[in-house]
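# Notes for the structure review
Listed below, chain by chain, are the residues.
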Amino acid sequence: MKIRIFENKEELNAAFTDWLKEILVGKETLTLALSGGSTPKSLFDYWAENPEKDIDWKKIKFFWGDERCVPPTDEQSNYKMTKEHFFDRIPVPESNIFRIYGENPPEEEANRYAEVLKTELRSENGIPSFDVLMLGMGDDGHTASIFPQEIELWNSPKLCVVGTHPETGQKRVSLSGRAINAARNVAFLVTGENKAQKVSEIISHPAEAEKKYPAALVQPDSGDLIWFVDKAAASLLSQ
Ligand code: 6PG
């Protein structure tokens, strides 16, 4: 596991983009699963405002690690957020965007999306494998939409599961641990003081953290896990 600590979001976004560009070298296409929530907003803005970062976006197929079970027009939709901050500003072929249909019945959509992954992704040991998977982390230690109070979802034999937000009860379609740990390159993007406690626990005491926090269970079979964190989120890490 690698950890890279940045002064601020701008530096983190630039470094993450260079890391992605590096992985893209020599590839005809790259499958990328996006995280949702607020952290990626500034990354998508960075991409839209720096088109010259010479990423050939047409090479990238876009997926999501999770989606709220709401219509794509809903303020809560990760797809809507990505469309506003990125797709509406950078030309990406519609055929390269594989959104999770938040408007569908959750269990049905989890099964449908799993089939999409089986069709669109190459497999690693029989499991569909993203080239790059972006993840966020909640201040409760959740990742994608697997929350601590239902951490057993992580071990589902399915590729996609239905999570429930602990406060709102909102249903969400999420990749399972099986799909997450099959990804070739996994990157956490975590910023803000409110994440510092969990970052410190997960990095410094992984064995304990694994029992409580889904984010601590992200241990890709490839071994390629990198944390992109800002100083605020890293503030409780011992040197
Ligand atoms: C979502 C996400 C979720 C997110 C974390 C962090 O749909 O909300 O995918 O896993 O990454 O909750 O969210 P913030 O970036 O808003 O802190």
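Below is a summary of the structure that appears in this document. If you're wondering where the values come from, they're calculated on a predicted model, not measured in any experiment. Each chain has its residues counted from 1, following the order in which its sequence is written. The model is predicted, so local features are restricted to residues of pLDDT at least 70 and side-chain atom pairs to those at 80 or more, both for listing and for counting; the totals for chains, interfaces and linings are taken over all residues. The basis for every side-chain value is the complete set of non-hydrogen atoms in the structure, without hydrogens or water.

What follows concerns the overall build of the protein. Segments assigned H or I by DSSP are reported as helices when at least four residues long, segments assigned E as strands when at least two residues long, and all are numbered from the N terminus. Per the secondary structure count, the protein includes seven helices and 11 strands. This radius of gyration counts C-alpha atoms alone. The globule rule is 2.2 Å times how many residues there are, raised to the power 0.38. Expected size for 239 residues packed as a compact globule is a radius of gyration near 18 Å; at 16 Å, the protein falls within 12% of this value. Across its three principal axes, the protein shows a C-alpha extent of roughly 45 × 40 × 35 Å. Only protein chains enter the calculation, and the probe is 1.4 Å; a residue is then buried if its accessible area is under 20% of its type maximum, exposed if over 50%, and partly exposed in between. Residues counted as buried form 57% of the 239 residues belonging to the protein.

What follows deals with the site of the ligand. Residue proximity to a molecule or strand is established when one non-hydrogen atom of the residue lies within 4 Å of it. S38, T39, D66, A144 and K195 are the nearest of the 15 residues found near the ligand. Distance and chemistry together define a polar contact, namely a pair of N or O atoms within 3.5 Å, with one atom able to donate a hydrogen and the other to accept it when in protein, and with adjacent residues in sequence counting only for side-chain atoms on both sides. A distance of 2.7 Å separates an oxygen atom of the ligand from a polar atom in the side chain of D66. One nitrogen or oxygen atom from the side chain of H142 is found 2.7 Å from an oxygen atom belonging to the ligand. In this description, accessible areas are obtained by the Shrake-Rupley approach with a 1.4 Å probe, and a residue is regarded as covered only by the protein chains that are shown. About the coverage of the ligand: the protein hides 87% of its 410 Å² of free accessible area. Buriedness of a pocket was judged along seven lines, with at least five required to meet protein on both sides within 12 Å; pockets are open sets of points on a 1 Å grid over the protein atoms alone, cavities are sets where a 1.4 Å probe fits but cannot get out, and lining residues have an atom within 4 Å of a point. Placement in a cavity or pocket follows one criterion, namely that more than half of the molecule's atoms lie within 2 Å of its grid points. Judged by the proximity of its atoms to the pocket grid, the ligand belongs to the largest pocket.

Once that is clear, we can look at the sheet that holds strand 4 (residues 66-68). In this description, strands pair whenever DSSP reports at least two bridges between them. The strand order across the open sheet built from three strands is 4-9-8, with neighbouring strands paired in antiparallel fashion. Bordering the open sheet on either side are strand 4 and strand 8 (160-164), each of which pairs with just one other strand. For this sheet the average axis-to-axis angle between neighbouring strands, irrespective of direction, equals 25°. Where strand 8 lies against strand 9 (residues 171-175), five bridges are found, and the strand directions are antiparallel. Paired with V162 across the two strands is V173, which belongs to strand 9. In what follows, a contact means two residues having at least one pair of non-hydrogen atoms within 4.5 Å. Axes, fitted as lines to C-alpha atoms, cover a helix only where it is in contact. Angles between the N-to-C directions of the axes lie from 0 to 180 degrees. Its contacts with the sheet place helix 4 (residues 106-120) against strand 8 and strand 9, and it is angled at close to 145° to strand 8.

Attention now moves to the packing of helix 1 (residues 9-24) against helix 2 (residues 39-49). Look at helix 1 against helix 2: their axes get within 10 Å of each other, and the N-to-C directions meet at 65°. By the criterion of interaxial angle, the relationship of helix 1 to helix 2 is roughly perpendicular. Crossing hand, helix 1 versus helix 2: right-handed. Counting all contacts with helix 1, which are made through K9, N13, A14, F16, T17 and L20, the residues of helix 2 involved are S42, L43, Y46 and W47. Partitioned by chemical class, the residues of the contact of helix 1 with helix 2 number six nonpolar, three polar and one charged. Small angles under 35 degrees read as roughly parallel and large ones over 145 as roughly antiparallel, with 65 to 115 read as roughly perpendicular and the rest as oblique. In this scheme, a crossing is called left-handed if the near helix is turned counterclockwise away from the far one by less than a right angle; it is called right-handed if the turn is clockwise. Under the grouping applied here, Gly and all other residues not named as nonpolar or charged are polar, the nonpolar ones being Ala, Val, Leu, Ile, Met, Phe, Trp, Tyr, Cys and Pro and the charged ones Asp, Glu, Lys and Arg.

The subject of this paragraph is unusual backbone geometry. A positive phi angle, close to 55°, is found at N125, a residue other than glycine. Checked against the element boundaries, N125 lands in the loop between strand 5 (122-124) and strand 6 (127-129). A relative accessible area of 71% places N125 in the exposed class. If you check the backbone angles, A144 has positive phi at about 45° while not being a glycine. Examined against the element boundaries, A144 turns out to sit in the loop between strand 7 (132-135) and strand 8. On the accessibility criterion, A144 (11% relative accessible area) is buried.

Before going further, it helps to spend a moment on the pattern of salt bridges. Here, a salt bridge means any side-chain nitrogen of Lys or Arg that lies within 4 Å of a carboxyl oxygen of Asp or Glu. Scanning all chains against the criterion turns up 18 salt bridges. A salt bridge links R89 to E49; the shortest N-O distance between them is 3.1 Å. Placement of R89 in the loop between helix 3 (78-87) and helix 4 and of E49 in helix 2 is noted, with a sequence separation of 40 residues between them. For R89, a relative accessible area of 37% translates into the label partly exposed. Classification of E49 as exposed rests on a relative accessible area of 52%. A network of salt bridges, in which partner residues are shared, links D45, E49 and R89.

In short, shape yes, function no, at least from these values alone.
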